[in-house]
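Residues per chain are reported as follows:
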Amino acid sequence: MSADAELSSILSRRQQINDALENGENVENTFRSVKRNIYTEFQEFSRKEIKEYQATFNKYDVGHDGYLDLAELKIMMEKLGAPQTHLSLKKMISEVDEDNDGKISFREFLLIYRKAKAGELASESGLEQLARLTEINVEEVGVNGAKNFFEAKIEEQLKTNKFHDEIRQEQEEKKRLEQEKILRRAQFQQKAAIFNN
């Protein structure tokens, strides 16, 4: 939308509001939703952790609509070995459903882990079980895996600007892969030139 069209839209809306108020009508507020940056909002998690939570979320978002609805949450809890009643599933959703749409968005999904870290979830509640069951499982990765996991957690907390470092590392990795690709292409062209002569 161009700046002129946007300004025209704003002025038109303002005129509609003024006309409605002059006629004594009730004016409904309309708000545009602002997409939040989850990496800056959830600074207690590393980018890697957020990506792992995203993978877990996507695994159970079978409708691929960006939400976990009641049925998807039910399936998730059953697969995690902690089946819930219909009422407890609804309670789980309502505990983190900030926009009251009856579903859990990825942002709201991250709230579960934030609350778990802060100790704000009732012991043995559905959300507490979900957070506990989707965290690292020592039996699956072994003691060394758990040791490495917790050492990495401590190291991350010691970093002053972990997101900057992670972004820089991702960029360096992309550059390295691009350079390897260019080198492979050059080597291929050299070999191809031998056959062309």
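Residues numbered from 1 in each chain as written. Predicted model: local features only at pLDDT ≥ 70, side-chain atom pairs only at ≥ 80, totals over all residues. Heavy atoms only, no water.

(A) Representation of helix H4 (residues 70–79) within the structure. Taken together, the buried positions of H4 are Glu 72, Leu 73, Met 76 and Met 77. The buried side chains of H4 occupy one side of the element, clustering within an arc of 135 degrees when seen end-on. Contact partners of the buried residues in H4: helix H3 (47–60), strand S1 (67–68), helix H5 (86–96), strand S2 (104–105), helix H6 (106–118) and helix H7 (126–134). For H4, the N-terminal cap is Asp 69; the gap from its side-chain oxygen to the backbone nitrogen of Ala 71 is 3.2 Å. Looking one or two residues past H4, Gly 81 carries a phi angle of roughly 85 degrees, positive in sign. (Buried < 20%, exposed > 50% of the residue type's maximum accessible area, 1.4 Å probe, protein only. Helix = DSSP H or I, 4+ residues; strand = E, 2+ residues; numbered from the N terminus. Arc of directions from axis to C-beta. Contact = heavy atoms within 4.5 Å. Polar contact = N/O pair within 3.5 Å; in protein donor to acceptor, adjacent residues only side chain to side chain.)

(B) Summary view of the nonpolar core. Among the nonpolar cores identified, the biggest contains 28 residues, and Leu 73, Phe 109, Ile 112 and Leu 130 are the most heavily contacted of them. Breaking this core down by element, the ones donating at least two residues are H3, H4, H5, H6 and H7. Top contributing element to this core by residue count: H6, with 6 residues. Leave out the neighbours within four places in its chain, and Phe 109 touches Tyr 53, Thr 56, Phe 57, Leu 68, Met 76, Ile 104 and Leu 130. (Core = buried A, V, L, I, M, F, W, Y, C linked by side-chain atoms within 4.5 Å.)

(C) The UniProt feature "domain: EF-hand" (unreviewed entry) in the chain, seen in detail. UniProt annotation of "domain: EF-hand" (unreviewed entry) refers to residues 48–83 and 84–119 when read in the numbering used here. Annotation note: span residues 48–83, helix share 64%, strand share 6%, distance between end C-alpha atoms 28 Å. Here residues 84–119 is 67% helix and 6% strand, with 21 Å between the C-alpha atoms at its ends. (UniProt positions renumbered as here; feature names shortened; annotations may be inferred.)

(D) Layout of the pattern of salt bridges. All chains considered together, the criterion is met by 8 salt bridges. The salt bridge partner of Arg 107 is Glu 41, with a shortest N-O separation of 2.6 Å. Taken together, the positions of Arg 107 in helix H6 and Glu 41 in helix H2 (residues 38–41) put the pair 66 residues apart, joining distant regions of the chain. Glu 78 is paired through a salt bridge with Lys 74; the nearest N and O atoms lie 2.8 Å apart. Taken together, the residues span about one helical turn, with Glu 78 and Lys 74 both in helix H4 at a distance of 4 residues. Using a relative accessible area of 39% as the deciding quantity, one classes Lys 74 as partly exposed. Among the charged side chains, a salt-bridge network with shared partners connects Glu 41, Glu 98 and Arg 107. (Salt bridge = Lys/Arg side-chain N within 4 Å of Asp/Glu carboxyl O.)

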